[in-house]
Amino acid sequence: ERGESMEPYLAGSGASEGTEPGEEKVVKSNDTPSKESQKRSAAIERRRRKRDRLTEAISSLLDDFSMVSFMPLDITDEESIDVVLMTVDHCVQFGEDSEVRGADL
């Protein structure tokens, strides 16, 4: 349902606690983070910011140059499948280097 919080799904995953997936949160028994833990957290934050900037740059590039488009596909309609296959073939230039045959013209 829209507006539903993702918190129940993230519980225990570490994602809601500011850590990367697969990384453990390191806290000493007195709940004061060590210098090593602070350095690790700072490195993770720098890596996250870099990843966010890269994602934004790639998204902007794709959007600015219309490098992504969507086509309808109805798997029960053979013509729809043919149109999608022709578009993919054109995009990857499949058969461009093939020899020209008289029967294909």
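Cut-offs used in this document
- Residues numbered from 1 in each chain as written.
- Predicted model: local features only at pLDDT ≥ 70, side-chain atom pairs only at ≥ 80, totals over all residues.
- Heavy atoms only, no water.
- Helix = DSSP H or I, 4+ residues; strand = E, 2+ residues; numbered from the N terminus.
- Buried < 20%, exposed > 50% of the residue type's maximum accessible area, 1.4 Å probe, protein only.
- Areas by Shrake-Rupley, 256 points an atom, 1.4 Å probe, with all protein chains shown as cover.
- Patch = residues over 30% accessible without salt bridge, like charges linked within 9 Å, V, L, I, M, F, W, Y side chains within 5 Å.
- Salt bridge = Lys/Arg side-chain N within 4 Å of Asp/Glu carboxyl O.
- Lys, Arg positive; Asp, Glu negative; His and termini not counted.
- Charge placed at Lys NZ, Arg CZ, Asp CG, Glu CD.
- Expected span 1.5 Å × (residues − 1).
- Contact = heavy atoms within 4.5 Å.

S.K.: Looking at this structure, how should I read the overall build of the protein chain?
M.R.: Helix and strand counts for the protein chain come out as three helices and zero strands. The buried share of the protein chain, taken over its 105 residues, is 7%. Within the structure as shown, the protein chain displays about 9,900 Å² of accessible surface, and the carbon and sulfur contribution to it stands at 53%.

S.K.: What should I look at first to understand a nonpolar patch on the surface in this one?
M.R.: Together, Leu54, Ile58, Leu61, Leu62, Phe65, Met67, Val68 and Phe70 line one region of the surface with nonpolar side chains, adding up to about 860 Å² of accessible area. Inspection of the secondary structure puts Leu61 in helix H2 (residues 35-64).

S.K.: How do you make sense of unusual backbone geometry when you look at a structure like this?
M.R.: One non-glycine residue, Ser66, adopts positive backbone phi at about 45°. With respect to the helices, strands and loops of the structure, Ser66 is situated in the loop between H2 and helix H3 (78-92). Here Ser66 falls in the exposed class, since its relative accessible area comes to 62%.

S.K.: Is there a simple way to think about a negative patch on the surface in this case?
M.R.: On the surface, a cluster of negative charge is made up of Asp74, Asp77, Glu78, Glu79 and Asp82. Position of Asp74 among the secondary structure elements: in the loop between H2 and H3.

S.K.: How do you make sense of H2 when you look at a structure like this?
M.R.: At 3.6 residues per turn, the α-helix brings residues three or four places apart onto the same side. The first and last C-alpha atoms of H2 sit 43 Å apart over 30 residues, in line with the 44 Å expected at 1.5 Å per residue. Positive backbone phi, approximately 45°, marks Ser66, located one or two places after H2.

S.K.: In this structure, what is going on with the pattern of salt bridges? I would like to understand it.
M.R.: Any two side chains of opposite charge can pair, given that their charged atoms come close. Within this structure, the stated rule accounts for four salt bridges. The shortest N-O distance in the salt bridge between Glu45 and Arg48 comes to 2.3 Å. Here Arg48 and Glu45 lie together in helix H2, a separation of three residues that amounts to about one turn. For Arg48, a relative accessible area of 30% puts it in the partly exposed group. Note that Asp52 is salt-bridged to Arg48, the shortest N-O span being 2.6 Å. Taken together, the residues Asp52 and Arg48, both in helix H2 and four residues apart, mark about one turn of the helix.

S.K.: Got a minute to help me understand the side chain of Ser80 in this structure?
M.R.: Mapping Ser80 onto the fold places it in helix H3. With residues near it in sequence (within four places) discarded, Ser80 still touches Pro72, Leu73 and Asp74.

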